[in-house]
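Spelled out, the chains give:
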Amino acid sequence: MTRPQSPSCQGAEPGVELMTSDSQARQERERDGPDPLPVPEYCRPGAGSGRPPPCQLRPPAVLLRTVRHLLHLLDRPDPGPRAPAAAFVGDRLRAVRLDLALQGGAAAAGPAAAAAVLEASLSALLCAAARLRPDHPRLLRDQLHESFGSLRRCYGDGHGHGDGDGDGPDPHPRQPSFQALFLLYNLGSPEARQQVLQLPQSTRRHPAVRRALAVDAAFCEGNSARLFRLLGALPFLPSCAVQRHVGPARRRALARLARALGTPRGQAYPLARLARLLALDGPEEGRELCRLHGLPVVDGRDGGEAVAVFSRGGFTADGPPPPAPCALLVGSKLRGRTLSQVVMAEEPDEEEGEAEAAPAPT
């Protein structure tokens with residue numbers, strides 16, 4: 001069998017596509033802002049077509065530069081309209097994974113190089129999902145699940161399935177962290193939990209995995225106080241992975257409070273305490289959350305503390321939960337770093353910072 005040639009495209013966009021995209025340059029600038037990213041769109045080869053020539057495939061080092069470039073877009077104070085920006089970043093990250101697959105993945109690029117590309121593209125996709133609001137969130141979810149699957153296969157191809165205690169190959173160094181991200185993104189899923197519990201013992205004992213299992217347990221048990229306390233202690237990337245579950249978790253917490261505190265005449269609950277309990281960005285977000293769920297908020301006399309009033313039958317939950325801004329739970333954890341510094345590991349995240357981590361499963 002003929003061994004595939006090494007990819008040789010050293011630019012973010014292959015030369016053929018640079019020529020074919022000239023006619024679309026103006027539309028690209030209008031769609032993507034004054035500084036469009038020179039990276040190719042996702043384009044799956046047609047059935048029966050041969051492998052693209054090496055000059056059209058980007059080697060892993062160039063793919064990593066492409067991911068870094070996309071992260072710079074997300075780092076801008078205003079990356080443009082959120083939905084188009086999310087679609088743009090998602091499409092280009094799919095192209096990164098496709099380039100890697102077409103050149104043979106881990107078998108051709110090497111397990112370490114392939115894993116680095118897949119880890120970076122998956123992390124960038126999580127950042128895009130947390131920072132932007134796509135028009136079609138289901139498409140982004142499907143892409144994230146595909147990315148997790150590609151990364152798991154890469155780990156299996158390159159490092160086997162040993163237990164890390166001498167009975168087989170050690171796991172990839174960052175595999176526990178990304179298994180934890182997988183569980184946090186799929187919080188409450190029995191299948192995701194079972195997959196994590198079937199990992200080698202050394203991986204299950206990793207602080208990131210133990211912390212993710214603790215968050216999953218609090219979420220499934222409905223222990224809102226512990227859940228939001230754990231979410232507040234998560235590093236940035238795990239917080240991005242879990243952000244989509246914050247809105248539903250807050251709604252369930254409000255529903256439980258309504259059942260516990262609701263009386264015919266109404267019982268007051270301090271709005272500031274509610275904001276702390278649900279890890280909201282402040283009392284004003286708590287006020288809006290109460291309004292959306294049919295709970296009146298009464299301001300105290302003479303500048304006194306505002307309270308939410310829980311009355312029997314007053315709680316309503318119509319439609320999907322509102323999107324949660326999560327400046328406290330997610331955005332504040334960058335602490336002055338750029339997304340590129342976090343994703344590309346230029347500055348390590350607080351991976352060892354544990355708070356109420358679960359006991360290591362046996």
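- In the nomenclature of an unreviewed UniProt entry, the protein chain is known as SAC3/GANP/THP3 conserved domain-containing protein of Ornithorhynchus anatinus.

Some thoughts on the pattern of salt bridges
So, point 1. All told, the structure shown has 10 salt bridges when counted by the stated rule.
So, point 2. Of the charged contacts in the structure, one is a salt bridge between Asp216 and Arg193, with a shortest N-O distance of 2.5 Å. Linking Asp216 in helix 11 (residues 207-221) with Arg193 in helix 9 (residues 190-197), this pair joins segments that are 23 residues apart in sequence.
So, point 3. Asp299 is the salt-bridge partner of Arg287, the closest N and O atoms lying 2.9 Å from each other. In this pair, Arg287 sits in helix 16 (residues 283-292) while Asp299 sits in the loop between strand 2 (297-298) and strand 3 (307-310), placing the two residues 12 residues apart along the sequence.
So, point 4. One connected set of salt bridges, linked through shared partners, spans Glu284, Arg287 and Asp299.

Comments concerning the nonpolar core
So, point 1. One finds Leu231, Phe236 and Phe310 to be the most contacted residues of the largest nonpolar core, which totals 90 residues.
So, point 2. Looking at which element gives the most residues to this core, the answer is helix 6 (residues 111-131), with 12 residues.
So, point 3. Excluding residues within four positions of it along the chain, Phe310 makes contact with Leu254, Leu257, Ala258, Leu261, Gly262, Thr263, Gly266, Gln267, Tyr269 and Leu295.

Points about the packing of helix 4 (residues 82-102) against helix 6
Packed helices, taken two at a time, are described by their axes: the angle between them and the distance between them.
So, point 1. Remark: helix 4 packs on helix 6, axes separated minimally by 10 Å, with the N-to-C direction vectors making an angle of 170 degrees. On the basis of their axis angle, the class for helix 4 and helix 6 is roughly antiparallel. Of the two elements, helix 4 crosses helix 6, and the hand of that crossing is left-handed. On helix 6, the residues that touch Arg82, Val89, Gly90, Leu93, Val96, Arg97 and Leu100 of helix 4 are Ala114, Val117, Leu118, Ser121, Ala124, Leu125, Ala128 and Arg131.
So, point 2. Here the residues of the contact of helix 4 with helix 6 are counted per class, giving 10 nonpolar, 2 polar and 3 charged.

Here we look at unusual backbone geometry
So, point 1. Even without glycine at this site, Ala279 takes up a positive phi of about 55 degrees.
So, point 2. Tracing the backbone through its elements, the reader meets Ala279 in the loop between helix 15 (271-277) and helix 16.
So, point 3. When its relative accessible area of 9% is taken as the criterion, Ala279 is described as buried.
So, point 4. The phi angle at Cys326 is positive, at roughly 60 degrees, despite the residue not being glycine.
So, point 5. Its location among the elements puts Cys326 in the loop between strand 3 and helix 17 (339-343).

Examining empty space enclosed by the protein
So, point 1. Under the defined criterion, the tally for this structure stands at 4 cavities of 30 Å³ or more.
So, point 2. Here the largest cavity defines a volume of roughly 50 Å³.
So, point 3. Lining of the largest cavity is provided by Ala218, Phe219, Gly222, Asn223, Ser224, Leu227, Ala249, Arg252 and Arg256.
So, point 4. Considered as a void within the structure, the second largest cavity measures approximately 40 Å³ in volume.

Re helix 16
So, point 1. The set of residues buried in helix 16 consists of Glu285, Gly286, Leu289 and Cys290. All buried residues of helix 16 project into a common sector of 140 degrees when viewed along the axis, lining one side. Facing away from the buried side of helix 16 by over 90 degrees, the exposed positions are Glu284 and Arg291.
So, point 2. Among the structural elements, helix 14 (246-261), helix 15, strand 2 and strand 3 are those in contact with the buried residues of helix 16.

The rules behind these values
- Residues numbered from 1 in each chain as written.
- Predicted model: local features only at pLDDT ≥ 70, side-chain atom pairs only at ≥ 80, totals over all residues.
- Heavy atoms only, no water.
- Salt bridge = Lys/Arg side-chain N within 4 Å of Asp/Glu carboxyl O.
- Helix = DSSP H or I, 4+ residues; strand = E, 2+ residues; numbered from the N terminus.
- Core = buried A, V, L, I, M, F, W, Y, C linked by side-chain atoms within 4.5 Å.
- Buried < 20%, exposed > 50% of the residue type's maximum accessible area, 1.4 Å probe, protein only.
- Contact = heavy atoms within 4.5 Å.
- Axes fitted to C-alpha atoms, helices over the stretch in contact; angles between N-to-C directions.
- Parallel < 35°, antiparallel > 145°, perpendicular 65-115°, else oblique.
- Left-handed = near helix turned anticlockwise from the far one by under 90°.
- Nonpolar A, V, L, I, M, F, W, Y, C, P; charged D, E, K, R; others polar.
- 1 Å grid on protein atoms, 1.4 Å probe; cavity = no way out; pocket = protein on both sides within 12 Å on 5 of 7 lines; lining within 4 Å.
- Points joined across faces, edges and corners; volume = space filled by probe spheres on them.
- Arc of directions from axis to C-beta.

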